[in-house]
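Spelled out, the chains give:
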Amino acid sequence: MDTTTLVLILLALFVVLIILVVVYVGAQGSKKPVTTTAQTAVTFEMMCSIINRSSANNIELNNAVDTIIARYSEITDIDVYGVLLEKLCTHSNTDSKVILRFQKALIAANPKYKEQLEKSLKIGLAGRR
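Small disclaimer: the values here were computed from a predicted structure and weren't measured. (Residues numbered from 1 in each chain as written. Predicted model: local features only at pLDDT ≥ 70, side-chain atom pairs only at ≥ 80, totals over all residues. Heavy atoms only, no water.)

S.K.: Where do I start with a nonpolar patch on the surface in this structure?
M.R.: A contiguous nonpolar surface patch, about 1,200 Å² in accessible area, is contributed by L8, L11, F14, V15, L17, I18, I19, V21, V22, V23, Y24 and V25. When you line up the elements, F14 lands in helix α1 (residues 3-29). (Patch = residues over 30% accessible without salt bridge, like charges linked within 9 Å, V, L, I, M, F, W, Y side chains within 5 Å. Areas by Shrake-Rupley, 256 points an atom, 1.4 Å probe, with all protein chains shown as cover. Salt bridge = Lys/Arg side-chain N within 4 Å of Asp/Glu carboxyl O. Helix = DSSP H or I, 4+ residues; strand = E, 2+ residues; numbered from the N terminus.)

So this is what it looks like as structure tokens:
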């Protein structure tokens, strides 16, 4: 074998090595940590704290409202839910769809509290800027 052939073979092996390293590093970088819902128990207080936090974005508010509707729609203390609805109305990152969805779901699950929820909605909407 002459020198040119050996240099070409070494160059080809070097390119293959670089490609394998790039694929390996890319595969390692794309792995995301796996989080299970069993590790983090979602409570009503956690969802309330998201709504009360002024830095919560619209996606977090929607997730909190969806969780409350799905798991905690039965009202045990109307004052807590009334304040929560008012806070949701005055939150800077909320929109009308999430407010109305929350109010309608609570009224559907608790028709006896309809007037109190509507009153809380009116107070909350009056406090909007």
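S.K.: I would appreciate a short explanation of the side chain of S120 in the present structure.
M.R.: Considering the arrangement of structural elements, one finds S120 in helix α6 (residues 114-126). Among the residues examined, S120 registers a relative accessible area of 9% and is labelled buried. Leave out the neighbours within four places in its chain, and S120 touches G82, L85 and E86. (Buried < 20%, exposed > 50% of the residue type's maximum accessible area, 1.4 Å probe, protein only. Contact = heavy atoms within 4.5 Å.)

S.K.: Honestly, the pattern of salt bridges in this entry has me stumped. Any pointers?
M.R.: When the charged atoms of two side chains with opposite charge come close together, those side chains can pair. One pass over the structure, following the stated rule, counts 2 salt bridges. Between R53 and E60 there is a salt bridge, with its nearest N and O atoms 2.9 Å apart. Taking the shortest distance from any N to any O, the salt bridge between D66 and R101 comes out at 2.9 Å. Separated by 35 residues along the polypeptide, D66 in helix α3 (residues 58-71) and R101 in helix α5 (residues 96-109) bring together distant segments of the chain. What makes D66 partly exposed here is its relative accessible area of 38%. Take R101: its relative accessible area is 33%, and that puts it in the partly exposed class.

S.K.: What am I meant to see in α6 here?
M.R.: Turn by turn, an α-helix covers 3.6 residues, leaving residues three or four places apart pointing in a common direction. With 13 residues, α6 should reach 18 Å at 1.5 Å per residue; the first-to-last C-alpha distance of 18 Å fits that figure. Residues of α6 that are buried: L117, S120, L121 and G124. One side of α6 holds all its buried residues, which, seen down the axis, span an arc of 105°. Facing away from the buried side of α6, by more than 90 degrees, are the exposed residues E115, K119, K122 and A126. Of the surrounding secondary structure, the elements contacted by the buried residues of α6 are α4 (78-90) and α5. (Expected span 1.5 Å × (residues − 1). Arc of directions from axis to C-beta.)

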